[in-house]
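Now for the letters of each chain:
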Amino acid sequence: MNAPAASATATAPAPRADAPALTRVEDAAGALPRAPRQSARSVAGRIAQEEFFDYQPTSTAELPDPRPLVENLTRFVVEILAGARELEQIARWVTDDVYRTLLKRQAISARARAARGRPVIRPAFAIGSVILCEPRDGIIEAVVVVNSRARSRAVAIRLEGLDRRWRASAIHVL
């Protein structure tokens, strides 16, 4: 009449009595198989594979004119530091190091505005002269003069051709 109560925890089935005990795997000679040794060739192949998936340099001839990107990046960086634009809007055109640096500078600017009690105001400025230099194929270094009412600033940008597009690998606002 009384059925045995079902256990709340599941247990593994007991091994059959006629099954041989499996303790280790041996080959026909009775020796354990060994892991394959890593030769210098396989290590070099692994490194080559990792480099394959890293950013691939691109020649200047395969890339568009960098002048519009330099002018737009300059405009965006000045607005980001003024608090009028979000940093995520330029994440596609900058490397991770530049993104982190701009994020720190954005936080410092926000704290300085908060300490002075100043609201976020879109800056009024004009892009002045743009000087481009190509020190090596696939690399552009530019200096852009930004003129505002109070002062003039220089923005230095280094563009690298990576994965068939320009990416800013350094941005300095002077």
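Enquirer: Tell me about the pattern of salt bridges, and name the residues and values.
Expert: Overall, the coordinates contain 5 salt bridges when judged by the stated rule. In this structure, glutamate 79 engages arginine 85 in a salt bridge whose closest nitrogen and oxygen atoms are separated by 2.7 Å. Its relative accessible area of 8% is what places glutamate 79 among the buried residues. A salt bridge links arginine 158 to glutamate 141; the nearest nitrogen and oxygen atoms lie 2.6 Å apart. Taken together, the positions of arginine 158 in strand β3 (residues 152–162) and glutamate 141 in strand β2 (residues 139–148) put the pair 17 residues apart, joining distant regions of the chain. On the basis of relative accessibility, which here comes to 32%, the residue glutamate 141 falls in the partly exposed class. Each of Glu79, Arg85 and Arg122 takes part in one network of salt bridges that share partners.

Enquirer: Describe in detail the side chain of threonine 74, supporting the description with residues and values.
Expert: With respect to the helices and strands, the residue threonine 74 is situated in helix α2 (residues 67–82). Setting aside its immediate chain neighbours within four residues, threonine 74 contacts Ile127, Val144, Val146, Val155 and Ile157.

Enquirer: Can you tell me about the sheet that holds β3, naming the residues and giving the values?
Expert: The strands that make up a sheet pair up through hydrogen bonds in the backbone, lying either parallel or antiparallel. Reading across from one edge, β1-β2-β3-β4 is the order of the 4 strands in this open sheet, with antiparallel pairing throughout. Strands at the two margins of the open sheet, each flanked by one partner only, are β1 (125–136) and β4 (165–173). Taking the axes of each pair of neighbouring strands and ignoring which way they run, one obtains an average angle of 25° across the sheet. Relative to β3, β2 runs antiparallel, the two being bridged by 9 bridges. Across the sheet, residue glutamate 141 finds its bridge partner in β3, namely arginine 158. Along the sheet, α2 contacts β1, β2, β3 and β4; its crossing angle with β1, the most-contacted strand, is approximately 125°.

Enquirer: Explain the nonpolar core to me, using residue names and the numbers behind them.
Expert: If you look at the biggest cluster of nonpolar residues, it comprises 25 residues, and the most contacted ones within it are Leu73, Ile90, Ile157, Leu159 and Ile171. Take this core: its biggest share by element is 7 residues, from α2. Setting aside chain neighbours within four positions, we find isoleucine 90 in contact with Leu73, Phe76, Val77, Ile80 and Leu102.

Enquirer: Please set out helix α3 (residues 96–116) residue by residue, giving values where relevant.
Expert: For α3, which comprises 21 residues, the first-to-last C-alpha distance of 31 Å matches the rise-based estimate of 30 Å (1.5 Å per residue) to within 8%. Of the positions making up α3, those classed as buried are Val98, Leu102, Gln106 and Arg113. Take α3 and look down its axis: the buried residues cluster within an arc of 70°, on one side only. Opposite the buried face of α3, by more than 90 degrees, sit the exposed residues Asp97, Lys104, Ile108, Arg111, Ala114 and Ala115. For α3, the elements touching its buried residues are α2 and β4. Count one or two residues on from α3 and you reach glycine 117, which has phi positive near 75°.

Enquirer: Requested: an account of the side chain of threonine 58, with residues and values cited.
Expert: Here threonine 58 lies in the loop between α1 (40–52) and α2. At 2.8 Å, the side chain of threonine 58 and the backbone nitrogen of arginine 164 are in polar contact. Setting aside anything within four residues of it in sequence, one finds threonine 58 in contact with Leu63, Gly138, Gly161, Leu162, Asp163 and Arg164.

Enquirer: So what's going on with the packing of α2 against α3? Residues and values would help.
Expert: At a minimum axis distance of 8 Å, the contact between α2 and α3 shows a crossing angle of 45°. The angle between α2 and α3 falls in the class oblique. Across from Val77, Ile80, Leu81 and Ala82 in α2, the residues of α3 making contact are Leu102, Arg105, Gln106, Ser109 and Arg113. For the contact of α2 with α3, the class distribution of residues is 5 nonpolar, 2 polar and 2 charged.

Definitions and limits used
- Residues numbered from 1 in each chain as written.
- Predicted model: local features only at pLDDT ≥ 70, side-chain atom pairs only at ≥ 80, totals over all residues.
- Heavy atoms only, no water.
- Salt bridge = Lys/Arg side-chain N within 4 Å of Asp/Glu carboxyl O.
- Buried < 20%, exposed > 50% of the residue type's maximum accessible area, 1.4 Å probe, protein only.
- Helix = DSSP H or I, 4+ residues; strand = E, 2+ residues; numbered from the N terminus.
- Contact = heavy atoms within 4.5 Å.
- Pairing = 2+ DSSP bridges.
- Axes fitted to C-alpha atoms, helices over the stretch in contact; angles between N-to-C directions.
- Core = buried A, V, L, I, M, F, W, Y, C linked by side-chain atoms within 4.5 Å.
- Expected span 1.5 Å × (residues − 1).
- Arc of directions from axis to C-beta.
- Polar contact = N/O pair within 3.5 Å; in protein donor to acceptor, adjacent residues only side chain to side chain.
- Parallel < 35°, antiparallel > 145°, perpendicular 65-115°, else oblique.
- Nonpolar A, V, L, I, M, F, W, Y, C, P; charged D, E, K, R; others polar.

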